[in-house]
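Residue-level structural notes
Each chain is listed here by its residues.
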Amino acid sequence: MSGAESEAASSPRSAPAQAIYVLAAGAALLGGALLSAIALMSVASIVPRSLGLQPIQGDFELVQVGLAICVTLLLPWCQLQGGNIIVDFFTTWMRKRWQRRLDALGSVLFAGVIALVAWRTGVGAASLKSAGETTMLLGFPLWIGYAAMTPGLALTSAAALYSAALAWDEARR
Amino acid sequence: MNNVSFGIAVFGSMLTLMVLRAPISVSMFLPGAVAYWYIAGDNALLNYLKGAAYARFSFYDLSVIPLFILMGQFATHGGLSRALFNFANAFVGHFRGGMAMAAIVACALFGAVCGSSVATAATLAQVALPEMRRLNYSGRLATATLAVGGTLGILIPPSVPLVVYAILTEQNIAKLFLAAFIPGIIATIGYCIAIAIVVARRPDLAPAQPRRTGAERWKTFIEIWPVVAVFVLVFGGIYGGLFTPTEGAAVGAAGTLIAALIRHELDLKGIAQCFLGTAVTSGMIFMVFLGADMLNGALALSQMPAQLAEWVTHLGWPPLAILAGLIVLYIIMGFFMDELSTVILTIPVIFPAIMALDLWGLGLTDKAIWFGILMLMVVEIGLIHPPVGLNVYVINSLARDVPMMETFKGVIPFLISDFLRVILLFLFPVISLFLVRLVS
C-alpha cells in the first residue's frame, strides 16, 4: 500500500499542470486555515460555556458546514501527493511500465467518481436552494454549504486527471 | 440474484479493482454504486449521491479526525519530540538499552498528543536515531525500536483508527480512548521488556549511559510542559464533562499551536507544512469513508450484513473461536492493506456479527469497546511486519545505512510482545474495560 504517484509528485512542467499545482496547494492551505478557524471558534465557544456564560450560538452547525467545505479543499492536494492509497502488494512483480498504466487507469476512475459526486452535489445545491432549506439554529441556507463544496471537488477531479496523465507519461519513458 | 451471489459479486469486483491498483476509495465506491443502481434504480442512486458528500463531510463526530491530525502535525513540527526524548532518556537512559527504552517511552508520550502511527515514528526517529547511532547502538535495534514505538501513537489516545471505529459502530469515543489507555501502557512496558531481553543476550548492541542526577531530570521535566498541559487540558476536559471529543480535539489543536508558537518552534512556513500534511492524511480518510458509504449503502439495501451476522451465530461454532479466526483474518489483511482502510472496510460487515456472538458474557457496549481495542492492536501489528510494514518503510527512508531486512529482523522480539499482548487482552477483556467501569 502506498501512494500511486509518490515518485511522480515532482515539480510540474506544463502551464496547466502548474496551475493545478498552485490551485491545489492554495486550496489545502485555505482548508488548513479554515480547520484552524473551526478549532479556534470551538475554543471560543467552550470557554464561556465552561464559565456558565452564553456559548457561540449554533457552534455545532458552524463546525458542520465549515468541515464539509474544508474537506473538499483538502482533497486536491491529497490526490496530487498520492495520498489516496492503493494496494500495491499484488502488482510488485509487474514491470514498472505496467504498474504506471494501471495507476493511470485508477486515477481516471477516481477522477470520474469525484466528477460524478461534484455534479450531484451541485444538483443538490440547486434543489436545496429552491426548497429554501436552512440549518436549524442559525437559519443558514444549506445550499450555500453544498455549493461551496463543488469547486474543491471539481479541482480534485482535475488533479486526478493530471495524475493520470503523469503516470501515463512515465509508462512511456 | 440471491444475497450470497450478490455479496460475492460486490466484494469480488471490489477486490479486483484493489488488486489492479485502483485507489481503495474508488474500489469500494464503484461496485457499491453499481449494486445500488441494480437494486434501487438510477433515480435512487442519483438522489443518494446528491447528499452523500455533504452528509459524510459535514458529519459532526468526524471533525475530530482532521482536528486530531492537525494537532499531531503541530506537535510534530513544533519540536515537542526532542523535549520528550530528553525527558525519557534522563529517567531510563542509564539502563542497558536505556536509550532505546527512552525512545519507546517518548513515543508513548508523544502518542498522547498525536493520533497517528507513522507521524509518531517519523518525528521521534529524527531525534532519537542520530542519538542512538552516536552512542554506537546497533542499527537494527535502533530502527526497529522506532518503527515499533510509532504504533504507540495510535494505541495511546488520541487515536485516529479508534475514532474511525467509534464512528462506524456508533460507540462513545471518550470511552474507547479510556479503554485503550491500560493496553497502551502494557504495550510500552512490553516493548521495554523486549529491549531488555535483547540487550541482555547481546550487550554489545546497546552501550550504557551514565545515570542522571535529580536536578538534571527535573530540568528535562520542565521542558515537556506543553505536552503535559495539552494532554491534561484535552482529556481532563473530555472526562470532566466540559466538552465533546470534537471540542477536545479543537482545544488540542489550538493548544499545540500556541505551545509551538510560544517556544518559537513554528513559523509561517512551518504552519503551511502542517496544513499540507493534514490535507494528505485527512483527504485520504474522508475519501475512503465516501467510498465505504456507497458500498455500505448498497449492502444495507441487500441486507447482507444482517444475514451474515445471523449465519455466523447459527454456525454453532464456539464464539471465541470465531473471534480468534477474525483476528487471524485481520493479521492477514495487515499484509497488504493499511490500518484505516482495513477498519473502514471490514467493520460495517463484521461488527453486527461480533455483536451477535456471546463473548465472555459481555454486554453490548462492553463487547463493542473490547473488540475495538483488540482490533486496534491487531491492525497496528500490520504496520511493522513484512511485506507492507509502513512504519518500517518510513524509518528506513530516514536511516538509509540500515538495510530494511535488518529492521524487519529487529522487529521480531517486539512482534512477540505484540502477540502476547493480544492474547492477554483476548483472554482478559477487563484489561480494557477496567478504566471505563471505574469512571462510569
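Residues numbered from 1 in each chain as written. Chains lettered and ligands numbered in written order. Predicted model: local features only at pLDDT ≥ 70, side-chain atom pairs only at ≥ 80, totals over all residues. Heavy atoms only, no water.

Quick notes on the overall build of chain B
- Within chain B, the regular secondary structure consists of 22 helices and zero strands.
- Expected size for 440 residues packed as a compact globule is a radius of gyration near 22 Å; at 22 Å, chain B falls within 12% of this value.
- Counting only C-alpha atoms, chain B reaches 70 × 45 × 45 Å along its principal axes.
- Long-range contacts, defined as pairs at least 24 residues apart, comprise 79% of the intrachain contacts of chain B with a sequence gap of at least 6.
- Split by element, the accessible area of chain B, about 16,100 Å² in all, is 68% carbon and sulfur.
- Within chain B, one finds 22 positive and 20 negative side-chain charges whose respective centroids are separated by 11 Å. (Helix = DSSP H or I, 4+ residues; strand = E, 2+ residues; numbered from the N terminus. Rg over C-alpha atoms; globule rule 2.2 N^0.38 Å. Contact = heavy atoms within 4.5 Å. Areas by Shrake-Rupley, 256 points an atom, 1.4 Å probe, with all protein chains shown as cover. Lys, Arg positive; Asp, Glu negative; His and termini not counted. Charge placed at Lys NZ, Arg CZ, Asp CG, Glu CD.)

Things to note about the overall build of chain A
- Of the regular secondary structure elements, chain A holds four helices and zero strands.
- Going residue by residue from the N terminus, the α and β elements of chain A occur as α-α-α-α.
- Computed over its C-alpha atoms, the radius of gyration of chain A comes to 20 Å, more than 25% above the 16 Å expected for a compact globule of 173 residues.
- Counting only C-alpha atoms and orienting by the principal axes, one finds that chain A spans roughly 65 × 40 × 35 Å.

Things to note about the confidence of the model for chain A
- When pLDDT is averaged along chain A, the result is 89, and 92% of the positions lie at 70 or above.
- Looking across chain A, the model is least confident in helix H1 (residues 15–50) of chain A, with a mean pLDDT of 93, and most confident in helix H3 (residues 96–131) of chain A, with 96. (pLDDT = per-residue confidence, 0-100.)

Looking at the layout of surface pockets
Residue and element names in this part refer to chain B.
- Roughly 890 Å³ of internal volume is contained in the second largest pocket.
- In terms of lining residues, the second largest pocket is bounded by 33 residues, among which Leu-308, Leu-326, Leu-329, Val-349 and Ile-350 are the most central.
- For the lining of the second largest pocket, the secondary-structure elements that each account for two or more residues are helix H1 (3–19), helix H16 (304–313), helix H17 (319–333) and helix H18 (339–356).
- By residue number, the principal contributor to the lining of the second largest pocket is H1, which donates nine residues.
- Partitioning the lining of the second largest pocket into residue classes produces 28 nonpolar, five polar and no charged. (1 Å grid on protein atoms, 1.4 Å probe; cavity = no way out; pocket = protein on both sides within 12 Å on 5 of 7 lines; lining within 4 Å. Points joined across faces, edges and corners; volume = space filled by probe spheres on them. Nonpolar A, V, L, I, M, F, W, Y, C, P; charged D, E, K, R; others polar.)

Some points on the interface of chain A and chain B
- Every contact between the two is made by 60 residues of chain A and, on the other side, 55 residues of chain B.
- In total, chain A and chain B occlude about 5,100 Å² of area from one another, counting both sides; carbon and sulfur atoms represent 79% of this.
- Of the charged contacts, one joins Arg-49 of chain A and Glu-247 of chain B as a salt bridge, the two residues approaching to 3.0 Å between their closest N and O atoms.
- Taken together, the connections running from chain A to chain B amount to seven residue pairs in polar contact (both at pLDDT 80 or more).
- Breaking the side of chain A that touches chain B down by element, the ones donating at least two residues are H1, helix H2 (59–80), H3 and helix H4 (142–172) of chain A. (Buried area = accessible area lost by both parts, 1.4 Å probe. Salt bridge = Lys/Arg side-chain N within 4 Å of Asp/Glu carboxyl O. Polar contact = N/O pair within 3.5 Å; in protein donor to acceptor, adjacent residues only side chain to side chain.)

Some remarks on the pattern of salt bridges
- What the rule picks out here adds up to 15 salt bridges over all chains.
- The partner of Arg-100 of chain A in a salt bridge is Glu-170 of chain A, and the shortest N-O contact between them spans 3.2 Å. Placement of Arg-100 of chain A in helix H3 and of Glu-170 of chain A in helix H4 is noted, with a sequence separation of 70 residues between them.
- For Arg-100 of chain A, a relative accessible area of 5% corresponds to the buried category.
- Accessibility expressed as a relative area gives 23% for Glu-170 of chain A, which makes it partly exposed.
- When salt bridges that share partners are traced, they join Arg-100, Asp-103 and Glu-170 of chain A together with Arg-21 of chain B into one network. (Buried < 20%, exposed > 50% of the residue type's maximum accessible area, 1.4 Å probe, protein only.)

As for the side chain of Ser-117 of chain B
- Here Ser-117 of chain B shows up in helix H7 (residues 117–134).
- Setting aside chain neighbours within four positions, we find Ser-117 of chain B in contact with Gly-150, Thr-151, Ile-154, Leu-383 and Asn-391 of chain B.

Here we look at the packing of helix H10 (residues 160–169) of chain B against helix H11 (residues 173–201) of chain B
Residues and elements named next belong to chain B.
- Put simply, H10 and H11 touch, their axes get as near as 9 Å, and they point 135 degrees apart. Comparing their axes, H11 and H10 come out oblique. Of the two elements, H10 crosses H11, and the hand of that crossing is right-handed. Note on element contacts: H11 touches H10 through Ile-173, Leu-176, Phe-177 and Ala-180, opposite Leu-162, Val-163, Tyr-165 and Ala-166.
- Of the residues that constitute the contact of H10 with H11, the class distribution is eight nonpolar, no polar and no charged. (Axes fitted to C-alpha atoms, helices over the stretch in contact; angles between N-to-C directions. Parallel < 35°, antiparallel > 145°, perpendicular 65-115°, else oblique. Left-handed = near helix turned anticlockwise from the far one by under 90°.)

With respect to H18 of chain B
Residues and elements named next belong to chain B.
- Taking 1.5 Å per residue, 18 residues should reach 26 Å; H18 reaches 24 Å between its end C-alpha atoms and fits that length.
- Along H18, the sharpest change in direction is near 55 degrees and occurs at Ile-347; proline Pro-348 comes one to four residues later.
- Within H18, 16 of the 18 residues are buried, leaving the element largely enclosed by the surrounding structure.
- Between the side-chain oxygen of the N-cap and the backbone nitrogen of Leu-340 there are 3.2 Å, and the N-cap of H18 in question is Asp-338. (Expected span 1.5 Å × (residues − 1). Bend = angle between axes of the 7 residues up to and from the residue.)

Things to note about helix H13 (residues 225–239) of chain B
Residue and element names in this part refer to chain B.
- An ideal rise of 1.5 Å per residue puts 21 Å on 15 residues; H13 measures up with 21 Å between its terminal C-alpha atoms.
- Those residues of H13 lying buried are Pro-226, Val-227, Val-230, Val-234, Phe-235, Gly-237 and Ile-238. Taken down its axis, H13 places every buried residue within 155 degrees of arc, on the same side.
- Considering only its buried residues, H13 is in contact with helix H4 (64–77), helix H5 (80–92), helix H6 (98–111), H11, helix H12 (214–223) and helix H14 (245–262). (Arc of directions from axis to C-beta.)

Describing the packing of helix H15 (residues 268–302) of chain B against H18 of chain B
Residue and element names in this part refer to chain B.
- Direction vectors running N to C along H15 and H18 enclose 20 degrees, while the axes themselves pass 10 Å from each other. Classed by the angle they form, the pair H15 and H18 counts as roughly parallel. For the pair H15 and H18, the crossing hand works out as right-handed. Touching Met-284, Ile-285, Val-288, Phe-289, Ala-292, Leu-295, Asn-296 and Leu-299 of H15 are Leu-340, Ser-341, Ile-344, Leu-345, Pro-348 and Val-349, all from H18.
- Its residues assigned to classes, the contact of H15 with H18 shows twelve nonpolar, two polar and no charged.

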